[in-house]
Amino acid sequence: MKDFVRTIYFLITASVLLTNCNMTKEFDVNIPISQVLGVYCNFYPDSVWKAQVFKLGNITDSIYGNSLLYVDDAEVKLFCNNEFQENLINVGSGIYISTNNSKPIENKKYYLEIFKEDYPSIVSTTETLPPLIKIDSIILYDSLQAEFSFFYVNSKKEEGDMQLDVFFENKEDLAILTTYPSFLLTNGYTGWDCYKYMYSLLKNEMNFLINNNETSNEFQISFTSNNFFEFYETVSIQENSQSGIISYFAGNIKSNISSGLGLFAGINYVYIDIDTIPIR
Amino acid sequence: MKKNILILLLILPSILTAQDYKISGLVSNNSGNKLIEANIQTNKKSVLTDKVGHYSLSTNQNKLKLSVSYIGYKTQTVSIEINNDTTINFILQKKENQIGEVQVVSERDFEKAISETKITSNIINTLPALGGEKDIIKALLFIPGVQAGSEATTGFFVRGGNSDQNLILMDNIPIYNVSHLFGYMSVFDVDMTEGITLIKAGYPASYGGRLSSLVKIDLKNGKSKKTTGKFTLGLVSSKLQLEIPLKKNTYLLISGRKTYFDLFTRYYNTSIKQNEGSNTYLSFYDFNLRLTSKLYEKNKIFFNFYTGDDKTEFANVYKIEGSKSSDIFKNKTGNIVSSLSYKHYFNKRNSLNLVTGFTRYRNIKISESEMVNKTNPEKNESEFFGESSSILDYKNILKYQFSNNFLNTEAGTEFINHNYIPFSVSYNKNVLPIYETYKPFEFAVFVDNKLKIKKFIINTGLRYTQYHIKKSKYNYLEPRISVKYTITKSISIKGSYTIMHQYNHLLSNLSTGTPADIWFPVTETSSPMRAEQYTVGISKTKLFGFINTGVEIYYKKTSNLIDFSDNVLSDLDIVNIEDYIITNGKGESYGLELFAQFNKDKYNGGFSYTLSKTDRQFEQINDGKPYPFKYDRRHNLSSYIAYDISKKIKLSTSWTYMTGYALTLPIGRYYSPASENEASLFLYSNRNQFRMPSYHRLDLAIKFEKQKARGLRTWEISIYNAYNRQNAFFIEIHSEFRYNDKTQDFELSKPKFWQRSLLPIIPSISYSFKF
């Protein structure tokens, strides 16, 4: 009896103690502020040069409102084929544009240099407009023909699911695909779906899974550089990684800006209107 | 002068014909286990027993006193009168309540304990434990040079090595996963073991395949003449252990352990599955069977079998407009280990040992989603995804041993057939899984010699290993050299040099032993890992008459290490797992280890301190510059004291301190073009640039024993983390919603770093009865 009473008393005491434990508290760590610049600049065949310059913010600053991070007093230099082309001019909100209305031209090599007082200067890698690969034909299926990845093999078809097969004209063009291996398929409403070229050189086709439930039937296939793909891949990983113990392997965003952050990449594209393609 | 010569001539014949008598025999304990290097002493000389517990000495005295001693046992002294060669066997009795001994070796061999340490099950049962669950692996943390991973986990790190660099053997067969409940406790039942032996350097050549340590689980052999047993009721699990004598010299030991709270939650969960809600189900079990038999005088057979599993299930059930949806996640992790060992003694000096066995580890994860529409069954949907990882090894060892008073030799060979399925994926219950198999073969030949020359003991060993996988073959020579010099009876110095290779890796981002762990073999594209270690140490026994102490320094260099690259999600794209692994890493670790152990009157205790540094270097990480290993803890201190308040009440306490482990934190924030209104991207620091807060913890335990008519009853009350230290388990950054009195609205605060702790003060109680 004595042992039983002793046990009950102990268990009551234990539960009282356990319920009063607070397991979270602030972690005091001194993180010095780093002076780092960054730039986002995607260039297209028919667009005027435009870049957005920003700086790294303090880790404990508010996450809303990027105006504090925009840099409007930097010097942004554009180079073409290793020769200085022009200074891009600031129009506010960290945006710098070409006042000559100059646009990227295929087969020319471009890079940016950015300077700001009290900050290390940053330089992008040399980039070009990816060549447009000629499309030979397009086939639209109302059912899935190919295995897109293991995750789609046994999933049920959702209403509107279709497969878009794009065939390219020459096998020689495939050599370009290995140099510019990433593709983007978007429509105006659903945003980016980024695919990396994973098919062997024996095939000259690409298969896309699309859903025609959206009101827009126009799709854009974009050809970009590997730097572009790696940037967005690492953004996706970092944004999806959970906090705490699982985030051990979350790393930095892949950037082609030396001593800086961001992305400088060319994008070429074609539009496809699926309303004009017969369904098989 | 003439008189003296005459006396000399008279006694000379007797001197010349003085006969030497040989006294020999065996020294064992009352369990029948031979005691190696027990001390047998006369008033003129002393000898030690050999590896089979045999001693032999010669004397010309007819009447003498023979005294036999062995640490942990009562000394026996006999007075004998002999006229011819005599055999005298000794059976020593254990000293009662022998607690506080981390090193259970004779005083003369105390210096061997610098790199080899044994902890008996008596000591493990005395130490305070989390939830009252005595853990044989966690007891290793009291040894210098051994560090814990995360809180309440069984992963441990020896001299800067990863947790997969420890070879853990159960009766000579490796066991790959030693965790239950995500690392909360180990798979070993203390009541089935005599203790645990850890070797950190100077490994015998008969062992190989891991870089950092050798851990031997010393299983019990039967001894009792009648059926005995013990059952224990704890807060987490309960267990029963039986020892049954089958016939003369043949014993059967069985034990089973299981969680029991899942039996209650299972009933509750069944109700939940029929209605809305979430439920969690956690359970594990262990089963051990051991058969030992002595066939005639010269043969022994041991059969061992272990199986254990962890089951986890999380389920969410919800109803929407006439349909019911459920998401279920299940995980099952477990081991099976079995071995058959045969030992034949040709004579007192030569023996042959044959071991054959297998080990299997597998880990299965299943994710199922189902939607049942009662009104429109055509809209029923289900999804299934299953993945698993497994290893199956078949191992055979043949070993010959020879020993006499000045030479011990061991030679043999070892074969291991591995079968790895690192990842297997299935998308349909009815469809065969997709997997890739690796079947490497490992072979080794070894020889070890231990030579005693005056004050030196020189140990030279050589191990030749070969590893075959597909068309690749790796072969290496691994020297094992150690030298010990006895300066005085109580002071000795020792040094060792070792080369080791490892042919597999554990890919895990955590030390908890989670379902994320994958064992992966060395393939054609990755070279075996290599370690080279130098150690020097000095030890002294009986400092101030009752303290045994020592200090050791080590330097270890490793190469061909592997790690995950940056930017790897916890839920890996396992089909392309090799894309996420980086190889050709290097490691360097060095340190100083101190320990002291005492046993005086009613007090026993020990103290260990390690000062160490460990770095890693990969070309693809940290721009190729060296960075701290995650578990590079500069200071590591462990201490314990046990006190016998009375014969029935025993008190023990332990205190642990560790420098926080290294981690990578974000140091800046910037916006993403995909998220126009949020600065949601982080810039991270160099790998492992920051430190977690220091870890320290006090544990207490008190035991009440009472001898009843049918056995010994024990109540044990323990308190884990007695002063409720909030030891950080992980760090995260986030904002909090707070109510602003001025604006009378909720607003998001600025982001801050927060530490989360796992285990607060945890009292526990357990009951056991030994019959």
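All values derive from a computational prediction rather than experimental measurement.

Peer 1: Which residues make up the overall build of chain B, and what are the values?
Peer 2: Along the backbone of chain B there are three helices and 51 strands. With 771 residues in all, chain B has 54% of them scored as buried. Long-range pairs, those at least 24 residues apart, make up 63% of the contacts in chain B with a sequence separation of at least 6. Put simply, chain B shows about 34500 Å² of open surface, and 56% of that area lies on carbon and sulfur atoms.

Peer 1: Before we move on, can you summarise the overall build of chain A with the specific residues and values?
Peer 2: The secondary structure content of chain A amounts to three helices and 16 strands. The 280 residues of chain A split such that 44% are buried. Long-range pairs, those at least 24 residues apart, make up 68% of the contacts in chain A with a sequence separation of at least 6. When the accessible area of chain A is evaluated, it comes to approximately 14700 Å², of which 50% is carbon and sulfur surface.

Peer 1: Quick rundown of the pairing of strand E19 (residues 237-247) of chain B? Include the residues and the values.
Peer 2: Residue and element names in this part refer to chain B. Here six bridges tie strand E18 (residues 228-233) to E19, and the two strands are oriented antiparallel to one another. Across the sheet, the residue bridging to Thr232 is Lys239, located in E19. Hairpin connection of E18 to E19: three residues between the antiparallel strands. The pairing of E19 with strand E20 (residues 250-259) spans 10 bridges and is antiparallel. In the sheet register, Ser238 faces E20, and the bridge partner there is Lys258. Hairpin remark: E19 followed by E20, antiparallel, with two residues in the connecting loop; positive phi at Asn249, about 65°.

Peer 1: Any details on the sheet that holds strand E5 (residues 63-69) of chain B? Residues and values, ideally.
Peer 2: Residues and elements named next belong to chain B. One open sheet holds the four strands; their spatial order is E3-E2-E5-E6, and the pairing between them is antiparallel. The open sheet has two free edges, formed respectively by strand E3 (46-48) and strand E6 (76-81), since each of these has just one partner strand. Neighbour-to-neighbour, the strand axes of this sheet turn through a mean angle of 20°, independent of strand direction. Where strand E2 (residues 39-41) meets E5, three bridges bridge the pair, whose relative direction is antiparallel. Bridge assignment links Ile40 to a residue of E5, and that residue is Val68.

Peer 1: For the environment of Gly57 of chain A, give the residues involved together with the corresponding values.
Peer 2: Secondary-structure assignment places Gly57 of chain A in the loop between strand E3 (50-55) and strand E4 (75-80). Separated by 13 residues in sequence, Gly57 of chain A and Tyr70 of chain A place their C-alpha atoms 9.9 Å apart. Excluding residues that lie within four positions of it along the chain, Gly57 of chain A makes contacts with Leu69 of chain A together with Gly668 and Arg669 of chain B.

Peer 1: Kindly report on the packing of aromatic side chains, identifying the contributing residues and their values.
Peer 2: Counted under the stated rule, the structure contains 38 aromatic pairs over all chains. Plain terms: the ring middles of Phe43 of chain A and Tyr110 of chain A are 6.0 Å apart, the flat faces sit at 65° to each other, and that makes the pair edge-to-face. Of the two residues, Phe43 of chain A sits in strand E2 (residues 37-43) while Tyr110 of chain A sits in strand E7 (residues 110-116), which places them 67 residues apart along the sequence. Overall, Phe43 of chain A belongs to the buried group, its relative accessible area being 1%. Pairwise contacts between aromatic rings join Tyr40, Phe54, Tyr70 and Phe231 of chain A together with Tyr670 and Tyr671 of chain B into one cluster. Above the plane of the ring of Phe546 of chain B lies Lys600 of chain B, whose end atom (NZ or CZ) is 5.0 Å from the centre.

Peer 1: Summarise the domain arrangement of chain B; cite the residues concerned and give the values.
Peer 2: Examined at the domain level, chain B breaks down into domain 1 (15-92) and domain 2 (107-659 + 694-770). Here domain 1 of chain B and domain 2 of chain B have C-alpha centroids that lie 40 Å from each other.

Peer 1: Pulling in residues and values, what's your account of the side chain of Asp632 of chain B?
Peer 2: All names here are of chain B. Topologically, Asp632 is positioned in the loop between strand E38 (627-628) and strand E39 (635-644). Note on Asp632: relative accessible area 1%, which makes it buried. In this view, Asp632 contacts Ser612, Lys613, Thr614 and Arg691; residues no more than four positions away in its chain are not counted.

Peer 1: I'd like to hear about the sheet that holds strand E17 (residues 213-219) of chain B, residue by residue, with values.
Peer 2: Within a sheet, adjacent strands bond to each other through the backbone by hydrogen bonds, running parallel or antiparallel. All names here are of chain B. Taking strand neighbours across the sheet as the criterion, the five strands line up as E9-E16-E17-E12-E13 in an open arrangement whose pairing is mixed. Pairing within the sheet leaves two strands with one partner each, and these edge strands are strand E9 (116-120) and strand E13 (173-174). Note: strand E16 (residues 193-199) against E17, six bridges, orientation antiparallel. Its bridge partner lying in E17, Gly195 is registered against Asp218.

Peer 1: Tell me what's going on with the confidence of the model for chain B, and back it up with residues and numbers.
Peer 2: Residues and elements named next belong to chain B. Of all residues in chain B, 88% have pLDDT values of 70 or greater, and the mean over the chain is 83. Here helix H1 (residues 2-16) is the element of chain B with the lowest mean pLDDT, 45, and E13 is the one with the highest, 96. In this model, residues 3-17 is a region of pLDDT below 50 whose contacts with residues beyond four sequence positions or in other chains number zero contacts. Scored as a whole, the predicted complex attains pTM 0.79, and scored at its interfaces, ipTM 0.81.

Peer 1: Kindly report on the nonpolar core, identifying the contributing residues and their values.
Peer 2: Counting 35 residues, the largest nonpolar core has Tyr40 of chain A together with Tyr670 and Phe753 of chain B as its most contacted members. For this core, the secondary structure elements donating two or more residues are helix H3 (226-240) and strand E16 (261-273) of chain A together with strand E42 (666-670), strand E43 (681-684) and strand E47 (728-734) of chain B. In terms of nonpolar packing, the next biggest core, distinct from the first, is built from 31 residues, Ile124, Ile175, Val215 and Tyr306 of chain B among them.

Peer 1: How would you explain unusual backbone geometry if you had to name every residue and give the values?
Peer 2: With a phi angle near 55°, Asn101 of chain A is a residue other than glycine that sits in the positive phi range. Structurally, the position occupied by Asn101 of chain A is in the loop between strand E6 (95-97) and E7. For Asn101 of chain A, a relative accessible area of 53% corresponds to the exposed category. We note that Asn249 of chain B has phi near 65°; this positive angle belongs to a residue other than glycine. Relative to the assigned elements, Asn249 of chain B resides in the loop between E19 and E20. You can call Asn249 of chain B partly exposed: its relative accessible area is 29%.

Peer 1: How would you explain the pattern of salt bridges if you had to name every residue and give the values?
Peer 2: Residues and elements named next belong to chain B. Enumeration over the complete set of coordinates arrives at 28 salt bridges over all chains. Note that Glu593 and Arg159 form a salt bridge whose closest N and O atoms lie 2.8 Å from each other. Of this pair, Glu593 sits in strand E36 (residues 581-600) while Arg159 sits in the loop between strand E11 (156-158) and strand E12 (166-170); the two residues are 434 residues apart in sequence, bridging distant segments of the chain. Comparing Glu593 with Arg159, the two get one shared label, buried. Between Lys239 and Asp189 there is a salt bridge, with its nearest N and O atoms 3.0 Å apart. A residue pair is termed long-range when its members are at least 10 positions apart, and Lys239 in strand E19 and Asp189 in the loop between strand E15 (185-186) and E16 qualify at 50 residues. Relative accessible area serves as the criterion here: at 16%, Lys239 is assigned to the buried category.

Peer 1: Hey, could you go over the state of the cysteines for me, with residue numbers and the actual values?
Peer 2: Residues and elements named next belong to chain A. Inspection of the entire model under this criterion finds zero disulfides over all chains. Lacking any disulfide linkage, Cys41 is separated from the closest cysteine sulfur, that of Cys80, by 13 Å. By relative accessible area, which is 1% here, Cys41 ends up buried. Taking the relative accessible area as the measure of exposure, Cys80 reaches 13% and is therefore buried.

Peer 1: Account for the domain arrangement of chain A, with residues named and values stated.
Peer 2: Residue and element names in this part refer to chain A. Taken as a whole, chain A is organised into domain 1 (37-129) and domain 2 (135-227 + 267-276). With 10 residues of domain 1 at the interface, the matching set in domain 2 holds six residues. Among the residues domain 1 hides against domain 2, the three largest losses belong to Tyr44, Pro45 and Glu127. Together they make up 49% of the total. Taken together, the links from domain 1 to domain 2 amount to zero salt bridges.

Peer 1: Break down the pairing of strand E51 (residues 762-770) of chain B for me, with residues and values.
Peer 2: Residue and element names in this part refer to chain B. Burial analysis of E51 places seven of its nine residues in the buried class, the great majority of the element. Pairing of E18 with E51, which is carried by four bridges, proceeds in the antiparallel orientation. By the bridge assignment for E51, Phe231 is matched with Phe769. Sheet topology note: the strand E46 (residues 712-720)/E51 ladder contains nine bridges and is antiparallel. Looking at the pairing, Ile719 lines up with Pro763 of E51.

Peer 1: Go over the side chain of Glu716 of chain B with me, naming the residues and quoting the values.
Peer 2: All names here are of chain B. Inspection of the secondary structure puts Glu716 in strand E46. For Glu716, a relative accessible area of 9% translates into the label buried. Separated by 2.5 Å, the side chains of Glu716 and Lys134 make a polar contact. Setting aside anything within four residues of it in sequence, one finds Glu716 in contact with Asn125, Leu127, Lys134, Ala701, Ile702, Lys703, Ser764, Ile765 and Ser766.

Peer 1: I'd love a proper account of the confidence of the model for chain A, names of residues and values included.
Peer 2: Residue and element names in this part refer to chain A. Taken as a whole, chain A shows an average pLDDT of 73; of its residues, 60% reach a score of 70 or greater. The low-confidence segment residues 149-156 (pLDDT under 50) makes 12 contacts with residues lying over four places distant or belonging to another chain. Counting interchain partners and residues more than four positions distant, the pLDDT-below-50 stretch residues 178-182 has 17 contacts.

So, how was this worked out
- Residues numbered from 1 in each chain as written.
- Chains lettered and ligands numbered in written order.
- Predicted model: local features only at pLDDT ≥ 70, side-chain atom pairs only at ≥ 80, totals over all residues.
- Heavy atoms only, no water.
- Helix = DSSP H or I, 4+ residues; strand = E, 2+ residues; numbered from the N terminus.
- Buried < 20%, exposed > 50% of the residue type's maximum accessible area, 1.4 Å probe, protein only.
- Contact = heavy atoms within 4.5 Å.
- Areas by Shrake-Rupley, 256 points an atom, 1.4 Å probe, with all protein chains shown as cover.
- Pairing = 2+ DSSP bridges.
- Axes fitted to C-alpha atoms, helices over the stretch in contact; angles between N-to-C directions.
- Phe/Tyr/Trp six-rings, centres within 6.5 Å; stacked < 30°, edge-to-face > 60°.
- Lys NZ or Arg CZ within 6 Å of the ring centre and 35° of its normal.
- Domains from an automatic or database assignment.
- pLDDT = per-residue confidence, 0-100.
- Core = buried A, V, L, I, M, F, W, Y, C linked by side-chain atoms within 4.5 Å.
- Salt bridge = Lys/Arg side-chain N within 4 Å of Asp/Glu carboxyl O.
- Disulfide = S-S within 2.5 Å.
- Buried area = accessible area lost by both parts, 1.4 Å probe.
- Polar contact = N/O pair within 3.5 Å; in protein donor to acceptor, adjacent residues only side chain to side chain.

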